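Each chain, letter by letter, is given below.
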Protein chains: 2
Amino acid sequence: MKRLLLISNSTLHGSGYLDHCAEELRRFLGPEVERVAFVPYALHDRAAYAAKVRARLERMGLAVTSLHEVADPRAAVLAAQAVFVGGGNTFRLLDVLHRERLIEPLRARVLAGMPYVGSSAGSNVACVTIQTTNDMPIVAPPTFAALDLVPFNLNPHYLDPDPSSRHMGETREQRITEFHEVCARPVLGLREGAMLRVEGERATLLGTTGARLFRRGRAPEEFVPPARLDDLLVPVD
Amino acid sequence: MKRLLLISNSTLHGSGYLDHCAEELRRFLGPEVERVAFVPYALHDRAAYAAKVRARLERMGLAVTSLHEVADPRAAVLAAQAVFVGGGNTFRLLDVLHRERLIEPLRARVLAGMPYVGSSAGSNVACVTIQTTNDMPIVAPPTFAALDLVPFNLNPHYLDPDPSSRHMGETREQRITEFHEVCARPVLGLREGAMLRVEGERATLLGTTGARLFRRGRAPEEFVPPARLDDLLVPVD
């Protein structure tokens, strides 16, 4: 059974790294998972990133193998008990996943049941494409096509419009509307503090802050945890 | 002489479309320009966009030819007195510029002296690449390489960090720092209300709100109009 935990953000205001989702993450992986393969490619300093993740996951009883530390990252993915794809810059992350030829082994393993945990950019790349990332296109991946583990797109760090703002740049909702001008796939705006757990045909919204679902041509829908969002797992042309 | 007016944003809070830069725009074009070629490709509804721009520029005594209305956009660029590239989604804009084979004629004409006015996405594409846009990658252009009319990158709608914010997504400055992890080109953060006029070897900051210049490995520099930024026109490896 396909199992994913897609987290909006790794650090919630006022708490430490992964604190707000640690319990959910540990429960999601289950007692049988003792070691996690960490994908550090979304940040420039992979060693520092791996050290931070290792320190945090060890407190949860999880050992960490960072893919940048092994000679053969593909083999590490194929052998992993579970994978955690960390946040950072989505373009950089996807570019390395393609260049290291990790898309196919990651996808195959997750479709075969290996648990996938993503945070922010790591949640973006679990989707069909990265077309709804918030990040700057600092590098050009060969394609925006990503792992395609779920048939929708995510917008992590979803931000509601600020009625008091004088800033005239597009709101997040306006940007998602622009996406729907060119693509019909639903977009789930996951607020900071929210996460989506996918298990087979079930999708459950977790966390504290809720999510906003955008479907082309429809008014946005608001969801409050622990809402079921199973319809999202049905592909839309 | 190469002449560009690169505007951060087309609409400033509390005023109408192009109001905050209309005087500067008219002065920049000069009395000899009577008709402007408008590039509407950054928005989905080109006809509505052209109608809005036409109504506004006609109030400034300027006739408008929108490239979506002509049979041969390349020929229209080659014959234009001046060009205005409107804002919207930078990825969509750049994608169409490449697909319609407009990069080369636009570049040739501007290097030969045709005045170029860009706003937001239209300012982004005047730069070497679109790697410092704020927009969502709703479509994948064949490359992020753009018109390369100036040897730096712009960040339009530049936003200062909000010290009271509880949002944990990257600040604009953090995103630009990520860009400098992969590329040494300077990035000029143009606040809403700011614009940069380039004339040959001279670059002058105009408008009201100032700009913040980011160079790799240096502390950001603050500039207040009418600052001269001629150093920006010297390419950095």
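Above this text is the structure in question.
Presented here is a report on the structure given in the accompanying data block. (Residues numbered from 1 in each chain as written. Chains lettered and ligands numbered in written order. Predicted model: local features only at pLDDT ≥ 70, side-chain atom pairs only at ≥ 80, totals over all residues. Heavy atoms only, no water.)

1. Quick notes on the packing of aromatic side chains
Stated formally: Each Phe, Tyr or Trp ring, with Trp reduced to its six-membered ring, pairs with another whose centre is within 6.5 Å; inter-plane angles below 30 degrees give stacked pairs, above 60 give edge-to-face pairs, and intermediate values give tilted ones. Helix numbers and strand numbers start at the N terminus; a helix is a DSSP run of H or I with at least 4 residues, a strand a run of E with at least 2. Only protein chains enter the calculation, and the probe is 1.4 Å; a residue is then buried if its accessible area is under 20% of its type maximum, exposed if over 50%, and partly exposed in between. A positively charged side chain is recorded as over a ring if its NZ (Lys) or CZ (Arg) lies within 6 Å of the ring centre. The angle to the ring normal must also be within 35 degrees.
Enumeration according to the criterion identifies 11 aromatic pairs over all chains in this entry. Between phenylalanine 91 of chain B and phenylalanine 144 of chain B, the aromatic rings sit 6.0 Å apart at their centres with planes inclined by 75°, giving edge-to-face as the arrangement. Highlighted residues: phenylalanine 91 of chain B in helix α4 (residues 90-99) and phenylalanine 144 of chain B in the loop between α6 (121-124) and β6 (153-158), separated in sequence by 53 residues. Grouping residues by exposure puts phenylalanine 91 of chain B and phenylalanine 144 of chain B together as buried. Taken together, the ring pairs connect Phe91 and Phe144 of chain A together with Phe91 and Phe144 of chain B into an aromatic cluster. Above the face of the phenylalanine 28 of chain A ring, arginine 3 of chain A is positioned so that its terminal group lies 4.4 Å from the ring centre.

2. Structural notes on the sheet that holds strand β6 (residues 153-158) of chain A
Residues and elements named next belong to chain A. Which entries qualify depends on this criterion: Here, any two strands with at least 2 DSSP bridges between them count as paired. Whenever a helix is involved, its axis is fitted only over the stretch in contact; in every case the axis is a line through C-alpha atoms, and angles between N-to-C directions fall within 0 to 180 degrees. Contacts are assigned to residue pairs that have any heavy atoms within 4.5 Å of one another.
Taken together, the 4 strands give an open sheet; going across it, the order is β6-β7-β10-β11, and neighbouring strands pair in mixed fashion. One side of each edge strand has no neighbouring strand; the edge strands of this open sheet are β6 and β11 (221-223). Sheet twist, expressed as the average angle between the axes of neighbouring strands with direction ignored, equals 25°. The sheet contact formed by β6 and strand β7 (residues 187-191) spans 4 bridges and is parallel. Bridging across to β7, asparagine 153 finds its partner in valine 187. Along the sheet face, helix α7 (residues 172-182) touches β6, β7 and β10 (211-214) and points at about 170° away from the line of β6.

3. Section: the relation of the copies chain B and chain A
Formally: A least-squares fit on C-alpha atoms brings the copies together, and the residues used are those whose pLDDT is at least 70 in both copies.
Between the two copies, chain B and chain A, the superposition gives an RMSD of 0.0 Å; the rotation angle is 180° and the shift along the axis is 0.0 Å. Look at the turn and shift together and you get a two-fold axis relating the two. Here 100% of the contact residues of chain B are again contact residues in chain A; the copies associate through an equivalent surface.

4. Considerations on the environment of phenylalanine 179 of chain A
Mapped onto the elements of the fold, phenylalanine 179 of chain A is located in helix α7. Excluding anything up to four places from it in sequence, phenylalanine 179 of chain A contacts Gln131, Thr132, Asn153, Arg185 and Val187 of chain A together with Ile138 of chain B.

5. Section: empty space enclosed by the protein
The criterion, for reference: Site definitions follow a grid-based scheme: protein atoms alone, a 1 Å grid, a 1.4 Å probe that fits but cannot get out for cavities, and for pockets an open set with protein on both sides within 12 Å along at least five of seven lines, plus lining residues having an atom within 4 Å of a point. Grid points are joined across faces, edges and corners, and a volume is the space filled by probe spheres set on the points. Gly counts as polar in this scheme, as do all residues outside two lists: the nonpolar Ala, Val, Leu, Ile, Met, Phe, Trp, Tyr, Cys and Pro, and the charged Asp, Glu, Lys and Arg.
For the structure shown, the criterion picks out 4 cavities of 30 Å³ or more. Empty space within the largest cavity amounts to approximately 70 Å³. Every residue lining the largest cavity is counted, 14 residues in all, and those nearest its centre are Ser120, Asn134, Asp135 and His157 of chain A together with Glu170 of chain B. Looking at the lining of the largest cavity, the elements with two or more residues in it are α6 (121-124) and β6 of chain A. The residue inventory of the lining of the largest cavity, partitioned by class, reads 2 nonpolar, 8 polar and 4 charged. Computed from the structure, the second largest cavity encloses a volume of approximately 60 Å³. Considering the residues around the second largest cavity, the lining is formed by Glu170 and Arg175 of chain A together with Gly88, Thr90, Ser120, Ala121, Asn124, Thr133, Asn134, Asp135, Pro156 and His157 of chain B. At the level of elements, α6 and β6 of chain B are the ones that each hand at least two residues to the lining of the second largest cavity.

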